[in-house]
Amino acid sequence: MSIIQLLVKASGIVWATPIIILLLGSSIWFTVSLHFVQVRNMKRQIKLLTKTTSSDTGITPFQTFCNTVAYRVGVSNMAGVATAVFLGGPGSVIWMAITSVLNAALSYAENSLGQVYKESQDGVYTGGAPYYMNKGRGWKILPAAFAFLTAVTVPLLAPAPHANNVAIAFNQSLGIPRWVCGAVIGCLLFLVISGGIKRIAKVAEMIVPFMTLLYLGLTVVILVINAPHLPQMFSDMITSAFGANAVYGALIGSAIMMGVKRSVSSSGAGMAESVGPTSAAEVDHPGETGLVSSMTVFIDVAICICTGLLIMATDCFNVVGTDGQMIHIGTGAEFFATATQADISWVQASINTLLPIGSIIIALCLVFFSFTTNMNHYYQGEINLRYLFRNCDVKVRSAAVWGLRIVMVVCYFTWAISDSSDMWALQDLACGVLVWINVIVLLTFSRTIITLYKDYQDQLKHGIETPVFNPEKLGIKGAGFWMEHNKDKFREVEEKMSH
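Model, not experiment: these values are computed from the prediction.

S.K.: Before we move on, could you go through the overall build of the protein and cite the residues and values that matter?
M.R.: Looking only at helices and strands, the protein features 24 helices and four strands. Over its C-alpha atoms the protein spans a radius of gyration of 22 Å, differing by no more than 12% from the 23 Å that the globule rule assigns to 499 residues. The principal-axis extents of the C-alpha atoms in the protein amount to approximately 70 × 50 × 40 Å. Taken across its 499 residues, the protein has 61% of its residues classed as buried. A total of about 18500 Å² of accessible surface is found on the protein, and carbon and sulfur atoms cover 66% of it. Computed over 31 positive and 29 negative side-chain charges, the separation of the two mean positions in the protein equals 7 Å.

S.K.: How would you sum up the pattern of salt bridges? Please name residues and give values.
M.R.: A complete count under the given rule lists eight salt bridges for this structure. Close ionic contact of Glu119 with Lys135 constitutes a salt bridge, the shortest N to O distance being 3.4 Å. Note that Glu119 is positioned in strand 1 (residues 119-121) and Lys135 in helix 8 (residues 129-137), a separation of 16 residues in sequence. With a relative accessible area of 23%, Glu119 lands in the partly exposed category. Among the ionic pairs, Lys487 bridges to Glu484, the shortest N-O distance being 2.9 Å.

S.K.: Outline the confidence of the model for the protein, listing residues and values.
M.R.: On average, residues of the protein carry a pLDDT of 86, and 95% of them reach 70 or more. Helix 5 (residues 61-72) is the least confidently modelled element of the protein, averaging 74 in pLDDT, while helix 8 averages 95, the highest of any element.

S.K.: Lay out a nonpolar patch on the surface with the relevant residues and their values.
M.R.: A cluster of nonpolar side chains, contributed by Ile28, Val32, Phe36, Val39, Met42 and Val101, occupies part of the molecular surface with about 480 Å² of accessible area. Tracing the chain through its elements places Ile28 in helix 2 (residues 17-33). Judged by relative accessible area, which is 43%, Ile28 ranks as partly exposed.

S.K.: Tell me about the packing of helix 10 (residues 160-174) against helix 19 (residues 394-417), and please be specific about residues and values.
M.R.: As a packed pair, helix 10 and helix 19 sit with axes 7 Å apart at the nearest point and diverge in direction by 50°. Taken together, the axes of helix 10 and helix 19 lie oblique to each other. Helix 10 and helix 19 meet at a crossing whose hand is right-handed. Contacts between helix 10 and helix 19 involve Ala160, Ala163, Asn164, Val166 and Ala167 on the former and, on the latter, Tyr412, Trp415 and Ala416. Of the residues assigned to the contact of helix 10 with helix 19, the class counts are seven nonpolar, one polar and no charged.

S.K.: Could you give an account of the nonpolar core, naming the residues involved and the relevant values?
M.R.: Ranked by internal contacts, the top residues of the largest apolar core, which has 151 residues, are Leu23, Met78, Tyr132, Tyr215 and Trp346. Tallying contributions element by element places helix 18 (residues 358-388) first for this core, with 14 residues. Beyond its immediate chain neighbours, meaning those up to four positions away, Tyr132 contacts Glu110, Leu113, Gly114, Tyr117, Arg137, Ala272, Val275, Asn438, Val441, Leu442 and Phe445. Listed in part, the five residues of the second largest apolar core include Ile464, Val468, Phe490 and Val493.

S.K.: Give me unusual backbone geometry: which residues, what numbers.
M.R.: Phi at His35 is positive, roughly 55°, even though this residue is not glycine. Its location among the elements puts His35 in the loop between helix 2 and helix 3 (37-40). Accessibility expressed as a relative area gives 37% for His35, which makes it partly exposed. Within the chain, Asp315 stands out as a residue other than glycine whose phi angle is a positive 55°.

Each value, and the rule that gives it
- Residues numbered from 1 in each chain as written.
- Predicted model: local features only at pLDDT ≥ 70, side-chain atom pairs only at ≥ 80, totals over all residues.
- Heavy atoms only, no water.
- Helix = DSSP H or I, 4+ residues; strand = E, 2+ residues; numbered from the N terminus.
- Rg over C-alpha atoms; globule rule 2.2 N^0.38 Å.
- Buried < 20%, exposed > 50% of the residue type's maximum accessible area, 1.4 Å probe, protein only.
- Areas by Shrake-Rupley, 256 points an atom, 1.4 Å probe, with all protein chains shown as cover.
- Lys, Arg positive; Asp, Glu negative; His and termini not counted.
- Charge placed at Lys NZ, Arg CZ, Asp CG, Glu CD.
- Salt bridge = Lys/Arg side-chain N within 4 Å of Asp/Glu carboxyl O.
- pLDDT = per-residue confidence, 0-100.
- Patch = residues over 30% accessible without salt bridge, like charges linked within 9 Å, V, L, I, M, F, W, Y side chains within 5 Å.
- Axes fitted to C-alpha atoms, helices over the stretch in contact; angles between N-to-C directions.
- Parallel < 35°, antiparallel > 145°, perpendicular 65-115°, else oblique.
- Left-handed = near helix turned anticlockwise from the far one by under 90°.
- Contact = heavy atoms within 4.5 Å.
- Nonpolar A, V, L, I, M, F, W, Y, C, P; charged D, E, K, R; others polar.
- Core = buried A, V, L, I, M, F, W, Y, C linked by side-chain atoms within 4.5 Å.

Structure below.
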């Protein structure tokens, strides 16, 4: 058995029923215990995006938002959704939406917690799951193991489907050799990640808003053109999601599994992958970062739903049954008659029904979405590498970071030219292992996370426009950074709270 086959088998074990229970259960727990934080604070979340607070050490809330959206929106939102529909039917899109709404609370939990235990290192803010495991719980072995696992799997394995699908998209739309695509994008990726979080955030701030609006706009146009087909499409989605569809009803288990898997893989909620980049935000209270990051999940799921609607409205999808036989063959393009797996070509075919250059447009969307996602895959690796080398000399730490940058680009090129059909299994394995560890750890921090949320809301109720975090007042240990960072603001807050 090859290494790839072993990884695929391991992915199947990790992504079994227990992880679905863990994810949905913890998401529901945080949704309820945080009073539906992800839907009750929309006005505040939007207002936070207008803040321009930054420093030489941190980035603005809007840059944090764009950076997190950049991480969340990638190949999973396009080729990954096509795979989910292929294996789980139209109902998988409904379960993506359900899971993502619930996962937004999980995103709030991990990203606010990441802010609590962040620190300043080498001139930038740094934080992540290993930091709250170590500083919040005093653990040594588990955070080191988590950091090592993340530093290897996220920047080196997670880009696999991104590099592969981008290379395929440009090869099919423009005839560009996959090795050329891998080499060019790999070099551009190196130029960005070599500038650290500041450069990554600036690039994300430029790319994300434009590409997101473009993709949403294309979806609206496609839906308008195919309006007569929409009632049946939505009926199929809803009935198959709950096992009531005559054609897709038997796929309810696959619909739930694929919907949850793609939602988590796409949004990253529960994996702690977004915690490192969001810890770089310049804020006065961890609750701000929690609110901004939870809002990004809705952007992510919107793109996922758009992809599902695009391929279904244009009938550019196939669905395979539990017995391996096709139970739906799309008529949107000729190749669906023989298509036995899903990839980015399904989305390209859907846009081709509107524009002759649809394949090129989707290829460009994909390269930008995947590029920004891979920027953050890298940074998550850097954050965890910095944790592993935090007690070393700055030169040693710098050498390790530069080594990661070079190795990631080499891996990106390798995945771009690979012919393996198991790309998603590699990413799913990495995601699944991180989810198991991180979500269980988050549950042990439930009291701290709930306390953070209540403190933030209490200050807002007392008229404090910008809440200030005081860990000593809340009985939270290991958050010494904040005592120095906010020391000049405590007295003013106490005076307002006492009235």
